[in-house]
Amino acid sequence: MSARRSLYPEIEPYDTGKLAVSDLHSIYYEQCGNPKGKPVVFLHGGPGGGIEPRHRCFFDPQAYRIILFDQRGCGRSTPFASLVDNTTDHLVQDIETLREHLGIEKWQVFGGSWGSTLALAYAQKHRERVTEMVLRGIFTFAPDEMDWFYINGTRVLFPDAYEDFVGELPPEERDDLIGAYHRRLTSDDPEVRRKAAKAWSMWECRVATLLPDEGLVAHCEDASFTLAFARIECHYFVHSGFFGSPTQLLDNMESLAGIPAVIVHGRYDVICPPRNAWRLHKAWPGSQLELVPDAGHSANEPGISSALVRATDQFRP
Amino acid sequence: MPRRRRFYMDFEPFDSGFMKVSDLHTIYYEQSGNPKGKPVVFVHGGPGGGTDPKQRRFFDPQAYRIILFDQRGCGRSTPHAELTDNTTWHLIADMEAIREKLGIDKWQVFGGSWGSTLALAYAEKHPERVTELVLRGIFMLRNKELRWFYQEGASAIFPDTWESYVAAIPPEERGDLMKAYYERLTSDDPAVRLAAAQAWSVWEASTSFLMQSKDYMVHAGEGEFALAFARIECHYFVNGGFFEVEDQLLRDIDKIRHIPTVIVQGRYDVVCPMMSAWDLHRAFPESELKIIPDAGHSAYEPGIVDALIEATDRFRG
């Protein structure tokens, strides 16, 4: 194995702003790196996860003009945790609105987890705007993917964490976990929402890394994060990502043939298991797949961040 | 993290022999360590895996009188890969025959994977003969465990090696892969048996370590080993382990709850996933459950070796 790459050093944005994308929603965005560099857009996960400063560091700041934004309802976008007019099509449109606002013709699209879903949805709609794709922790909303994480799969390896996740609900509501959580996350009672948001997020944080990560678990105690994360995720999940069919993304991969693409996936990603990446790779002519042997789901896993940095380096001008 | 315990230094048996246990079967056994030490019997996995000299080294040779034996049809036991008169109840009777022949009143029972199944079944049948139980990679041979590994579950984590396992079976028979394998493993044609045995064994080998071991995969595909391993495993599995009811080991758990018991489980054991260790521990709350965060299924994972030796050291008296 070649030596592992670390992230680029932390940097500050040279430009930030808020863009009104509808009567209701404004999204926060930032630009970092080289203003004359090759444009790349970073799509965060969740949905509802928001951006973090370390997300800037997957890209060579000398070579790239790095654009990050908080998707509707999360991070510094407003209104916080709003589910109104918040669908995949809205987010795809926001990416286009932002691109035009910044006067960018084409860009590289980089995303992990839900960020990979949104990246694929965006590229399938606006193929001509995409120069390359770098995707991690693949999630396509195929029927067995939701089932794996919430019903049948992850619980087999993490029965202890699952017991806590399910234990939050009364026994009679456990047959429809996502529905039961959705009711609580959209309750009128802020305390009910808060409690459900914490349990929902904790399930994901406890299984996101190869080894337990106390810092990540603490992050999932923080209501300023969990409320948007849990509400928006669950909203998308009960609506099956707002896709016309659960295999919509996989069925249209031929349309992305020829786009230089790297798929990075952790072998022990138990949130989005490697099967998701394998299937995408098989359906996507020309894509490169790297399975990282000692990594879970998180982009912060050393083997994952290394593979991602190598991919963006490879696509530098 | 404190330094992990490693295997005891290599040592040789002070006694070994063959014992005729039926008109057909003869089994190999050996004794090592201290002839006056505390007796422990090592129960190997598979079924059909056979013993390995390294397995002596889970025990302090000054403190223990260590008994290893090859279960019917595998290792040095004869006839090789034989399925006739080869059931859980025969193996339990064989353990009793060895115990009596060696003049041992009670012993510690140590086993992982199928070894945990047989150890539990033995203890539930002869609880008065068991001083302690040290179990690893819990397997109770329930349908959901078999389905997870041979039909759908582990396939999501190892889609790459799963492809080879599935490729050995024609598409129209893939609805029940275990049955399809059983037909081939018991075919009259030796070439068909061997090809199926290799694919079956390599699938398991590819998923047994946290970090996949190519050497181990090569070893598992060697004809002699693969044939006994795959044939005997599949024979036991299609017969539900010869249990009266699927969850017999849990049903009868109260018979052994007085026995000091340690359960060691790798978090990323995808062969015998943690669900079963958890179910066992919930039914047997007096047991001690140690989850190893950075280990898969194999007894040779560093964290598993450490926890197993910690347990045998503690029980050495």
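Residues numbered from 1 in each chain as written. Chains lettered and ligands numbered in written order. Predicted model: local features only at pLDDT ≥ 70, side-chain atom pairs only at ≥ 80, totals over all residues. Heavy atoms only, no water.

**Side note on the overall build of chain B**
Then, in step 1: Scanning chain B from N- to C-terminus turns up 12 helices and 8 strands.
Then, in step 2: Taken over the C-alpha trace, chain B has a radius of gyration of 18 Å; the compact-globule value for 317 residues is 20 Å, and the two agree within 12%.
Then, in step 3: For chain B, buried positions account for 62% of its 317 residues.
Then, in step 4: The long-range fraction of contacts in chain B, counting pairs at least 24 apart against all pairs at least 6 apart in sequence, stands at 74%.
Then, in step 5: With an accessible surface of roughly 12,000 Å², chain B has 51% of that area assigned to carbon and sulfur atoms.
Then, in step 6: Of the charged side chains in chain B, 36 are positive and 46 negative; the average position of the first set lies 5 Å away from that of the second. (Helix = DSSP H or I, 4+ residues; strand = E, 2+ residues; numbered from the N terminus. Rg over C-alpha atoms; globule rule 2.2 N^0.38 Å. Buried < 20%, exposed > 50% of the residue type's maximum accessible area, 1.4 Å probe, protein only. Contact = heavy atoms within 4.5 Å. Areas by Shrake-Rupley, 256 points an atom, 1.4 Å probe, with all protein chains shown as cover. Lys, Arg positive; Asp, Glu negative; His and termini not counted. Charge placed at Lys NZ, Arg CZ, Asp CG, Glu CD.)

**Focus on the overall build of chain A**
Then, in step 1: Across its full length, chain A carries 12 helices and 8 strands.
Then, in step 2: Rg of the C-alpha trace for chain A: 18 Å, near the compact-globule value of 20 Å for 317 residues, within the 12% margin.
Then, in step 3: Referenced to the eigenvectors of the C-alpha coordinate spread, the extents of chain A come out at roughly 55 × 45 × 35 Å.
Then, in step 4: Relative to its 317 residues, chain A shows a buried fraction of 60%.
Then, in step 5: Within chain A, contacts between residues separated by at least 24 positions form 73% of all contacts whose residues are at least 6 apart in sequence.

**Re the sheet that holds strand 4 (residues 64-69) of chain A**
Residue and element names in this part refer to chain A.
Then, in step 1: Read across the sheet, 8 strands follow the order 1-2-4-3-5-6-7-8 without closing on themselves; strand pairing throughout is mixed. The two strands at the open ends of the sheet, each matched to only one other strand, are strand 1 (15-20) and strand 8 (288-292). The mean inter-strand angle of the sheet, taken between neighbouring strand axes irrespective of direction, is 20°.
Then, in step 2: Looking at chain direction, strand 6 (residues 130-136) and strand 7 (residues 261-266) are connected through 4 bridges and run parallel. Bridge assignment links Val134 to a residue of strand 7, and that residue is Val262.
Then, in step 3: Contacting strand 3 (38-43), strand 5 (107-112) and strand 6, helix 2 (residues 114-125) crosses the sheet at an angle of about 155° to strand 6. (Pairing = 2+ DSSP bridges. Axes fitted to C-alpha atoms, helices over the stretch in contact; angles between N-to-C directions.)

**Quick word on the side chain of His297 of chain B**
Residue and element names in this part refer to chain B.
Then, in step 1: By the secondary structure assignment, His297 is in the loop between strand 8 (288-292) and helix 12 (302-314).
Then, in step 2: A distance of 3.0 Å separates a polar atom in the side chain of His297 from a polar atom in the side chain of Ser113.
Then, in step 3: In contact with His297, not counting residues within four places along its chain, are Ser113, Arg136, Gly137, Ser208, Asp269, Val271 and Cys272. (Polar contact = N/O pair within 3.5 Å; in protein donor to acceptor, adjacent residues only side chain to side chain.)

**So, the state of the cysteines**
Think of a disulfide as a covalent bridge from one cysteine sulfur atom to another cysteine sulfur atom.
Then, in step 1: Applying the stated rule across the entire model yields 1 disulfide over all chains.
Then, in step 2: Covalent S-S linkage joins Cys205 of chain A and Cys220 of chain A, the inter-sulfur distance amounting to 1.6 Å. Remark: Cys220 of chain A occurs in the loop between helix 8 (214-219) and helix 9 (223-238) and Cys205 of chain A occurs in helix 7 (residues 190-206); sequence separation between them is 15 residues.
Then, in step 3: The class for Cys205 of chain A is buried, based on a relative accessible area of 7%.
Then, in step 4: Overall, Cys220 of chain A belongs to the buried group, its relative accessible area being 0%.
Then, in step 5: Cys74 of chain B takes part in no disulfide bond, and the closest cysteine sulfur, belonging to Cys234 of chain B, lies 15 Å away. (Disulfide = S-S within 2.5 Å.)

**A closer look at the interface of chain A and chain B**
Then, in step 1: Tallying the contact residues gives 24 residues for chain A and 26 residues for chain B.
Then, in step 2: For the pair chain A and chain B, the summed buried surface comes to about 2,200 Å²; carbon and sulfur atoms form 64% of the total.
Then, in step 3: Connecting chain A to chain B are 5 salt bridges.
Then, in step 4: A salt bridge links Glu163 of chain B to Lys282 of chain A; the shortest N-O distance between them is 3.1 Å.
Then, in step 5: At the boundary of chain A with chain B, the tally comes to 16 residue pairs in polar contact (both at pLDDT 80 or more).
Then, in step 6: Contributions of two or more residues to the side of chain A that touches chain B are made by helix 4 (154-157), helix 5 (159-167) and helix 11 (274-283) of chain A. (Buried area = accessible area lost by both parts, 1.4 Å probe. Salt bridge = Lys/Arg side-chain N within 4 Å of Asp/Glu carboxyl O.)

**As for the pattern of salt bridges**
Then, in step 1: Applying the stated criterion to the full structure yields 48 salt bridges over all chains.
Then, in step 2: When the shortest N-O distance is used, the salt bridge between Glu163 of chain A and Arg282 of chain B registers 2.3 Å. Of this pair, Glu163 of chain A sits in helix 5 while Arg282 of chain B sits in helix 11 (residues 274-283), on two different chains.
Then, in step 3: Through salt bridges that share partners, Asp144, Glu145, Arg275 and Arg279 of chain A together with Glu152 of chain B make up one connected network.

**Considering helix 2 of chain A**
Residues and elements named next belong to chain A.
Then, in step 1: In a regular helix each residue adds 1.5 Å, so 12 residues correspond to 16 Å; helix 2 covers 17 Å between its end C-alpha atoms and thus fits that length.
Then, in step 2: Counting buried positions along helix 2 gives 10 out of 12 residues, so the element sits mostly inside the fold.
Then, in step 3: Listed in full, the buried residues belonging to helix 2 are Trp114, Gly115, Ser116, Thr117, Leu118, Ala119, Leu120, Ala121, Tyr122 and Ala123. (Expected span 1.5 Å × (residues − 1).)

**Re the nonpolar core**
Then, in step 1: Ranked by internal contacts, the top residues of the largest apolar core, which has 161 residues, are Met133 and Trp284 of chain A.
Then, in step 2: Counting residues per element, this core draws most heavily on helix 9 (residues 223-238) of chain B, at 8 residues.
Then, in step 3: Those residues in contact with Met133 of chain A that lie beyond four places of it in its chain are Val109, Ala119, Leu120, Ala123, Leu256, Ile259, Pro260, Ala261, Val262, Trp284 and Phe315 of chain A.
Then, in step 4: Core analysis: the next-biggest nonpolar cluster, separate from the first, contains 26 residues, Tyr28, Phe42, Phe59 and Ala307 of chain A among them. (Core = buried A, V, L, I, M, F, W, Y, C linked by side-chain atoms within 4.5 Å.)

**Observations concerning the packing of helix 6 (residues 177-185) of chain B against helix 9 of chain B**
Residue and element names in this part refer to chain B.
Then, in step 1: Axis separation between helix 6 and helix 9 bottoms out at 10 Å; the angle between their running directions is 130°. Relative to helix 9, helix 6 is oriented oblique. Relative to helix 9, helix 6 is oriented so that their crossing is left-handed. On helix 9, the residues that touch Met178, Tyr181, Tyr182 and Leu185 of helix 6 are Ala230, Arg231, Cys234, His235, Phe237 and Val238.
Then, in step 2: By residue class, the composition of the contact of helix 6 with helix 9 is 8 nonpolar, 1 polar and 1 charged. (Parallel < 35°, antiparallel > 145°, perpendicular 65-115°, else oblique. Left-handed = near helix turned anticlockwise from the far one by under 90°. Nonpolar A, V, L, I, M, F, W, Y, C, P; charged D, E, K, R; others polar.)

**Brief notes about the sheet that holds strand 2 (residues 26-33) of chain B**
Residue and element names in this part refer to chain B.
Then, in step 1: The strand order across the open sheet formed by 8 strands is 1-2-4-3-5-6-7-8, and the pairing between neighbours is mixed. Of all strands in the sheet, those bounded by a partner on one side alone are strand 1 (13-20) and strand 8. In this sheet, neighbouring strand axes are inclined to one another by 20° on average, regardless of whether the strands run parallel or antiparallel.
Then, in step 2: With 4 bridges connecting them, strand 6 (residues 130-136) and strand 7 (residues 261-266) associate as parallel partners. In the strand pairing of strand 7, Arg136 is matched with Val264.
Then, in step 3: Packing of helix 11 onto the sheet brings it into contact with strand 6, strand 7 and strand 8, and relative to strand 7 it is tilted by some 155°.

**What to know about the packing of aromatic side chains**
Then, in step 1: For the structure on display, the rule yields 57 aromatic pairs over all chains.
Then, in step 2: Relative to Phe110 of chain B, the ring of Phe59 of chain B has its centre 4.8 Å away and its plane inclined at 70°; by these criteria the two rings are edge-to-face. Placement of Phe59 of chain B in the loop between strand 3 (38-43) and strand 4 (64-69) and of Phe110 of chain B in strand 5 (residues 107-112) is noted, with a sequence separation of 51 residues between them.
Then, in step 3: Residue classification places Phe59 of chain B among the buried residues on the basis of a relative accessible area of 0%.
Then, in step 4: Seen from their ring centres, Tyr181 of chain B and Trp200 of chain B are 5.5 Å apart, and the 65° between their planes marks the pair as edge-to-face. Separated by 19 residues along the polypeptide, Tyr181 of chain B in helix 6 and Trp200 of chain B in helix 7 (residues 190-206) bring together distant segments of the chain.
Then, in step 5: Over the ring of Tyr28 of chain A we find Arg76 of chain A, and its NZ or CZ is 4.1 Å from the ring centre.
Then, in step 6: Seen from the ring of Phe315 of chain B, Arg314 of chain B lies directly overhead, with NZ or CZ sitting 5.7 Å from the centre. (Phe/Tyr/Trp six-rings, centres within 6.5 Å; stacked < 30°, edge-to-face > 60°. Lys NZ or Arg CZ within 6 Å of the ring centre and 35° of its normal.)

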